[in-house]
Amino acid sequence: MNALSLPPSLSPSDGDFSTLFNFLPIGAYRSAPDGRVLRANQALVALNGYACEADLMADVHDIGREWYVDLGRRTEFRRQLEKNGFVRGFVSEVHRLKTREKVWVSENAHSVRDANGTLLYYEGTIEDISERMKDQKAVRDGAEQLHLITSQVPGAVFSVHVGHNGTREYRFLSAGIRDIYGFEAEELMRSPTLLARYFHPEDQPVLERDRLAIMAGQTHLETEFRVVLPDGRIKWICNRSCAVSEDERGFLRVGVLLDITDRKEAEAALHESEALWKLALENTGDGVWDWNLVTNEEYFSRGMKGMFGYDEDEDIDLSHELDASTHPEDVAQMWLDRQTHFDGQADGYRNERRIRCKDGSWKWVLSRGVVLSRDDDGKPLRMIGTHTDITEHKHAEAQHRALEAQLRESQKMEAIGTLAGGVAHDFNNLLAAILGNLVLAREDVGENKAAQESLGEIHRAAIRARQLVQQILTFSRRQTQEMVLQPLTPLVEEGLQLMRSLLPAGLRLETRLSATGLPVLADATQMQQVLMNLCTNAWQAMEGRGGDITVALSEVRVDASQGLQMGGLVGGTFACLSVADNGPGMDAATQQRIFEPFFTTKAPGTGTGLGLAVVHGIVKAHQGVITVQSRPGEGARFDVYLPMGSGPSQEPVAPADVAAAPVQADPVASAATATAAAAPVGKHVVYIDDYEALVFLVGRLLRKQGYRTHTFESGEAALAWLRDNPDDAVDLIVTDQNMPGISGVEVAREVRRMRPDQRVAIVSGHIDDKLLADALAAGVTDVMAKQDRMDALGESIRGLLERAV
């Protein structure tokens, strides 16, 4: 085909083979050395897209340029033809001359010369091999893809033919074999017995068993064995294979070789750690269990049976027994916690439940565990864990919750007390102004006037309000106390004498008092108020029915645990005052609120709800606690615990340097007496208080009693007046302690700086050691409790001035 055409005069005749020439199924041609086509059979004409030989010969002018896709192939074709005189199986990609479509062809050609060696023409054949080339490319692509795929698969993928005589021939082997054994795939394909040199001697029986299984036609095999590498390292190999076909010579199997050394080492380490873990847990007292979830067999460590009261040699199915003995309320949560871990939704299994022991008692048990192995579908196969007895811990938790509830209750009562005390203090100031102005109003009106009756009613209502305020102040522990070490028994006996005269008909009072005095540090009046309030609460609970009230007094010993449960008492010896009744009792909700001020279960108008609140406040102020025990229909009992004191008993004494409040009297009579008493002539008093109504009232009262008076509603205003009037002598400055801006102590300190000899008295509704110390440091020795009656305040001021004289 790659020859030049001869002149027509040199064109040979068709000869005897013309019919064969056209009959050939592949293209055939004859061409002259000058490149023109002399003859082309029908197959070649069709290959190039023409209808007849004449069209092909007329259309083709430069066969070399128009035939080959790669012109370099034409050069190579001519080189071989000139060198050898022939070309065989020359494969090239060419153009169909008419359609320019690309096809693959295989060419055979030779040179024809005369006797003198002169080149006459070329002859040859051309075969369309496009389909063959396409198939070969598919095979190459498939092989390449197979190598790419197997290179991503861990281990070595193989295809091996196993003969009936045991010989092996590897048809395919991936490059992963190098990572396992260290040699290339080609080496094993050349020498199939190479693997046998690496087998561990102890695993030879395993491999022989597999060989026999293959020869017997077993389809699937999975074997784990060891190999010894040339450097002495040992690896664990897993061989998984299956049979895919069988012929007369043997079996074709495909499979994969996997390096499982890491897994085997991890399993060995796990087994070792499991043994150590079980040993450690058994030594800590926890019960260890190992559960085969496939067979449902469960191993328990020694001592597990004893945890639940069974003997070690007792023949029981402990696993079933523990589940069956789980408290009915805990069963659902136990199964839910297990299933959650089985489903992989939790990293471990953890459950707390109650289990009934052999003797019928209940134990709280903490179960913890983890699934160690699962199958390919994720189904758990084996689980290990522990059972821990947490009964004491649970009891401690319950006690802790109870203590927290007591603490919250104590904090609530403390907050209510603070609020009530603040409100009562302000309300007391209002009542003081009302009562003081009431005294002055009755004096201004004069006796035998019609208005006196109305003023008297106002006076009685104000007195009742003041008594209510006193109860609130007692509850909030803001009332001045006279704490004296004295025997409690005589105080209780004295209070009971009064109680017997007050008890309604049908009620019986029983007493069980200690024969000893039981010394306590207490305010006698307040202790009797506690007894009166508790007994009054008891008989009111009877709601008019008959019943018994029992008052008991005894010495008790309270340990630290009991003290915590009762509200934070320090362990020690206590005097316990108990008041019990056999009335209707109370439910738990009522018991939680009975010490709140203004809480009452009585009908409207029959109680203030302050009786028990006042008791609570007094007991707290005495460093004690009060508890209640009651159930509906079973009555109630209140126990008051007061710390026992030591040393000789004392008589009640008012706190040093603090003016005691005078005995309550009728304010009208007191005011008259105060007015009648001669005030120190010309005495100058400065009074300071932030309550405007009280300032006005005190100023009027003092002037009415004959004092020269200046009043101020703030310490700052008073100090400014003193600076502006340095020559105006002042006999006494009386200042409230708690005021916005500067306090009474700060006023005193500044006054003493300006006037070193000036006498200052401080008035406060809450006197404590800190106030006394701060006042003394400021040069103040006169600290008075705040009076709720103006006549009492006037008497106190007069007393201070007379004492100075």
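Residues numbered from 1 in each chain as written. Predicted model: local features only at pLDDT ≥ 70, side-chain atom pairs only at ≥ 80, totals over all residues. Heavy atoms only, no water.

(A) Fine view of the overall build of the protein. Counting its secondary structure elements, the protein contains 26 helices and 28 strands. For the protein, the residues scored as buried account for 42% of the 805 residues in total. When contacts within the protein are restricted to residue pairs at least 6 apart in sequence, those whose partners lie at least 24 apart make up 61%. Of the roughly 42800 Å² of accessible surface on the protein, a fraction of 52% belongs to carbon and sulfur atoms. (Helix = DSSP H or I, 4+ residues; strand = E, 2+ residues; numbered from the N terminus. Buried < 20%, exposed > 50% of the residue type's maximum accessible area, 1.4 Å probe, protein only. Contact = heavy atoms within 4.5 Å. Areas by Shrake-Rupley, 256 points an atom, 1.4 Å probe, with all protein chains shown as cover.)

(B) Examining helix H9 (residues 204-215) more closely. With twelve residues, H9 extends 17 Å between its outermost C-alpha atoms, agreeing within 8% with the 16 Å of an ideal straight helix rising 1.5 Å per residue. Each element contacted by the buried residues of H9 is listed here: strand E6 (156-163), strand E7 (168-173), strand E8 (220-228) and strand E10 (250-259). At the exit of H9 stands Gly217, carrying a positive phi of roughly 90°. (Expected span 1.5 Å × (residues − 1).)

(C) Broad picture of unusual backbone geometry. Its identity is not glycine, yet Arg100 carries a phi of approximately 65°, on the positive side. One can find Arg100 in the loop between strand E3 (86-95) and strand E4 (102-113). A relative accessible area of 38% places Arg100 in the partly exposed class.

(D) Looking closely at the pattern of salt bridges. With the rule as written, the count across this model stands at 35 salt bridges. Between Arg263 and Glu224 there is a salt bridge, and its shortest N-O distance comes to 2.6 Å. Of this pair, Arg263 sits in helix H10 (residues 261-284) while Glu224 is found in strand E8, placing the two residues 39 residues apart along the sequence. Where Lys683 meets Asp731, a salt bridge forms, and the shortest distance between an N and an O atom there is 3.9 Å. One end of the pair, Lys683, is in the loop between helix H21 (667-676) and strand E24 (684-688); the other, Asp731, is in the loop between helix H23 (715-724) and strand E26 (732-736), with 48 residues separating them in the sequence. Three or more residues joined by partner-sharing salt bridges are found here, namely Glu224, Arg263, Lys264 and Glu267. (Salt bridge = Lys/Arg side-chain N within 4 Å of Asp/Glu carboxyl O.)

(E) Expanded view of the packing of aromatic side chains. For the structure on display, the rule yields nine aromatic pairs. Taking the centre distance of 5.7 Å and the plane angle of 55° together, the rings of Phe183 and Tyr198 count as tilted. Remark: Tyr198 occurs in the loop between helix H8 (185-190) and H9 and Phe183 occurs in the loop between helix H7 (177-181) and H8; sequence separation between them is 15 residues. You'll find Phe183 and Tyr198 in the same group, each marked buried. (Phe/Tyr/Trp six-rings, centres within 6.5 Å; stacked < 30°, edge-to-face > 60°.)

(F) Geometry of the side chain of Thr590. Mapped onto the fold, Thr590 is located in helix H19 (residues 588-591). A distance of 2.7 Å separates the side chain of Thr590 from the side chain of Asp587, its partner in a polar contact. Sequence-distant contacts of Thr590, defined by excluding residues within four places in its chain, comprise Phe599 and Thr601. (Polar contact = N/O pair within 3.5 Å; in protein donor to acceptor, adjacent residues only side chain to side chain.)

(G) A look at the sheet that holds E10. Here we have five strands laid out as an open sheet, ordered E7-E6-E10-E9-E8, and antiparallel in their pairing. Sheet topology places E7 and E8 at the edges, where each strand pairs with a single neighbour. Direction aside, neighbouring strands of the sheet carry axes that sit 30° apart on average. (Pairing = 2+ DSSP bridges. Axes fitted to C-alpha atoms, helices over the stretch in contact; angles between N-to-C directions.)

(H) Highlighting the packing of H23 against helix H24 (residues 744-754). The interhelical angle for the contact between H23 and H24, taken along N-to-C directions, is 5°, at an axis separation of 10 Å. Overall, the two elements H23 and H24 adopt an arrangement that is roughly parallel. The segment H23 lies against H24, with Gly715, Leu719, Leu722 and Arg723 engaging Val747, Glu750, Val751 and Met754. Split into classes, the residues belonging to the contact of H23 with H24 amount to five nonpolar, one polar and two charged. (Parallel < 35°, antiparallel > 145°, perpendicular 65-115°, else oblique. Nonpolar A, V, L, I, M, F, W, Y, C, P; charged D, E, K, R; others polar.)

(I) Structural context of helix H20 (residues 611-621). For H20, a buried count of nine out of eleven residues is recorded, marking the element as mostly surrounded by other parts of the structure. Remark: Gln623 follows H20 within two positions and exhibits a positive phi of approximately 65°.

(J) Spotlight on the side chain of Ser764. Along the chain, the position of Ser764 falls in strand E27 (residues 760-764). When near neighbours in sequence (up to four residues on either side) are disregarded, Ser764 contacts Gln737, Asn738, Leu771, Met784, Ala785 and Lys786.

(K) Molecular detail of the environment of Ala185. Within the element layout of this structure, Ala185 appears in helix H8. The buried category is assigned to Ala185, whose relative accessible area is 7%. C-alpha of Ala185 to C-alpha of Ala175: the two residues are ten residues apart in sequence and 5.8 Å apart in space. With residues near it in sequence (within four places) discarded, Ala185 still touches Leu173, Ser174 and Ile177.

(L) Region of the structure containing the pairing of E10. Summarising burial for E10: seven of the ten residues are buried, a large majority. As paired strands, E6 and E10 are joined by eight bridges and run antiparallel to one another. For Gly163, the partnering residue across the bridge sits in E10 and is Gly250. Where strand E9 (residues 234-246) meets E10, nine bridges bridge the pair, whose relative direction is antiparallel. Among the inter-strand pairings, Ser241 is bridged to a residue of E10, identified as Gly255. In sequence, E9 turns back onto E10 through a hairpin of three residues.

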